[in-house]
There are 2 protein chains.
Amino acid sequence: MNQTQLDDLLTQALPFWGTLPPEEQHLLRDTSVPSTIPKGTITHRADQDCRGIMLILTGQLRAYIVSEEGREVTLYRVRAGETCVMSSSCLMDAIVFDVLIESIEETQVLTLPATALSPLANRRPEIELFLYKTASERFSDIMWTVQQILFMGMDRRTAIFLWDEYTRGGEVISMTHEEVARYIGSAREVVTKVLKYFAQEGIVSLRRGKITILDKVKLRKLAG
Amino acid sequence: MNQTQLDDLLTQALPFWGTLPPEEQHLLRDTSVPSTIPKGTITHRADQDCRGIMLILTGQLRAYIVSEEGREVTLYRVRAGETCVMSSSCLMDAIVFDVLIESIEETQVLTLPATALSPLANRRPEIELFLYKTASERFSDIMWTVQQILFMGMDRRTAIFLWDEYTRGGEVISMTHEEVARYIGSAREVVTKVLKYFAQEGIVSLRRGKITILDKVKLRKLAG
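The following paragraphs examine the structure supplied in this document. (Residues numbered from 1 in each chain as written. Chains lettered and ligands numbered in written order. Predicted model: local features only at pLDDT ≥ 70, side-chain atom pairs only at ≥ 80, totals over all residues. Heavy atoms only, no water.)

Quick notes on the side chain of E102 of chain B
Relative to the helices and strands, E102 of chain B resides in strand β7 (residues 100-103). E102 of chain B gets classed as buried once you look at its relative accessible area, which sits at 16%. (Helix = DSSP H or I, 4+ residues; strand = E, 2+ residues; numbered from the N terminus. Buried < 20%, exposed > 50% of the residue type's maximum accessible area, 1.4 Å probe, protein only.)

Here it is, written out as structure tokens:
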């Protein structure tokens with residue numbers, strides 16, 4: 001990435017960029033680190049580390065929580081063009097819980113390190129506002145997930161998930177039942193049962209590690 | 001409340017108060033409205049209204065969500081001395097979900113109306129920062145609730161709830177099983193089953209609309 005591309009990216013991703021004086025822009029630009037995260041890497045784990053803000057260039061991250069017994073629930077995903085601020089929770093003292101963040105696929109990110117951001121954020125409410133505002137957007141996603149988990153039947157949640165995946169990547173969804181279960185916060189056995197019922201109804205066909213959508217009209221109806 | 005008391009209250013409750021010029025302090029002070037909310041009143045409902053910031057003087061509010069079938073889950077409570085900002089969600093465009101807010105007991109509040117706050121918040125990032133930061137603190141409570149609901153056994157959740165109530169109000173908890181179920185996000189039948197088991201173990205005694213704690217050591221152990 002050349003200097004102009006980097007500037008364009010930062011201007012677009014960070015609403016406070018234009019309010020910073022040139023020397024602070026220089027500082028953030030010079031300390032920013034591009035990196036490629038291999039698929040399946042946990043990039044943020046509780047209080048262990050505080051990377052900073054991650055701008056996602058390609059690929060996808062997921063934020064999730066995990067129970068003592070190892071059960072996982074995916075809370076939201078961060079996609080290319082979006083910003084992950086939960087990896088800088090040490091800059092937000094009002095947030096006292098923590099999530100894990102994992103790369104779902106190979107993901108290229110530009111990281112603005114917390115060490116460089118921290119002294120600026122203390123001086124400029126605009127930066128802190130950006131962090132909390134972006135976090136609040138994610139909380140809206142989390143609330144949606146929570147409402148689905150608390151209130152919705154498993155067949156409908158599975159249908160909504162498959163429909164979302166279909167609209168993003170086409171008819172063939174390369175996922176195991178275990179993976180689907182993790183995304184919708186359920187158990188593998190339950191997802192298998194629902195998918196078998198869907199297959200019986202001619203909505204999907206199932207092969208090892210693959211779910212193919214056959215009847216979009218029925219699926220959409222189930223998703224509500 | 002006289003002028004000095006009002007000033008003290010606003011200085012203490014609002015971290016941005018000192019940064020406002022005198023004329024903006026006057027405006028907020030003059031438009032603030034004290035009121036008494038009777039027990040059981042729903043003071044905020046989805047997008048219906050946008051009151052503003054509520055400073056809780058006495059009493060207690062709860063924020064909750066409700067499913068299409070009418071099932072309720074309490075997300076958090078706001079107590080005397082705390083501030084409720086979710087009643088001003090129209091000032092926070094990054095928050096796209098909504099909660100209901102109900103007074104658990106007779107509650108005295110001082111409201112800073114959204115109509116007066118809105119033009120100031122547009123000019124001053126400190127005000128917006130206060131709103132999002134306070135909302136983020138509540139999200140931390142919500143995440144705690146969600147983790148309990150998703151990951152914890154019902155007996156432990158019930159025990160934690162009873163222990164919390166005990167430490168706040170003493171051995172006798174005046175609540176129906178239905179109400180307990182609402183607070184911990186479960187069904188009445190499940191709570192009744194758990195409470196009967198607790199009674200059998202000599203941890204509580206049950207009477208209509210009343211749960212009395214008999215064995216604090218055991219209860220605390222169950223709560224973990």
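So, the packing of aromatic side chains
Taken as a whole and assessed by the stated rule, the structure comprises nine aromatic pairs over all chains. Considering the side-chain rings of Y197 of chain A and F198 of chain A, the 5.9 Å spacing of their centres and the 50 degrees angle between planes classify their relative orientation as tilted. The partly exposed category is assigned to Y197 of chain A, whose relative accessible area is 38%. Residue placement shows R62 of chain B over the ring face of Y64 of chain B; its charged tip is 3.9 Å from the ring centre. Here the basic side chain of R77 of chain B rests over the ring of Y183 of chain B, its NZ or CZ set 4.6 Å away from the ring centre. (Phe/Tyr/Trp six-rings, centres within 6.5 Å; stacked < 30°, edge-to-face > 60°. Lys NZ or Arg CZ within 6 Å of the ring centre and 35° of its normal.)

Focus: the pairing of strand β7 (residues 100-103) of chain A
Residues and elements named next belong to chain A. Here β7 shows two buried faces, one formed by L100 and E102 and the other by I101 and S103. One ladder, built from four bridges, connects strand β4 (residues 60-66) with β7; its direction is antiparallel. Each residue of the ladder has a partner; that of Y64, found in β7, is L100. (Pairing = 2+ DSSP bridges.)

A few points about the packing of helix α5 (residues 154-169) of chain B against helix α6 (residues 177-184) of chain B
All names here are of chain B. At a minimum axis separation of 10 Å, α5 and α6 run at an interaxial angle of 105 degrees. By the criterion of interaxial angle, the relationship of α5 to α6 is roughly perpendicular. Counting all contacts with α5, which are made through M154, R157, T158 and F161, the residues of α6 involved are V180, Y183 and I184. Here the contact of α5 with α6 is built from residues that sort into five nonpolar, one polar and one charged. (Axes fitted to C-alpha atoms, helices over the stretch in contact; angles between N-to-C directions. Parallel < 35°, antiparallel > 145°, perpendicular 65-115°, else oblique. Contact = heavy atoms within 4.5 Å. Nonpolar A, V, L, I, M, F, W, Y, C, P; charged D, E, K, R; others polar.)

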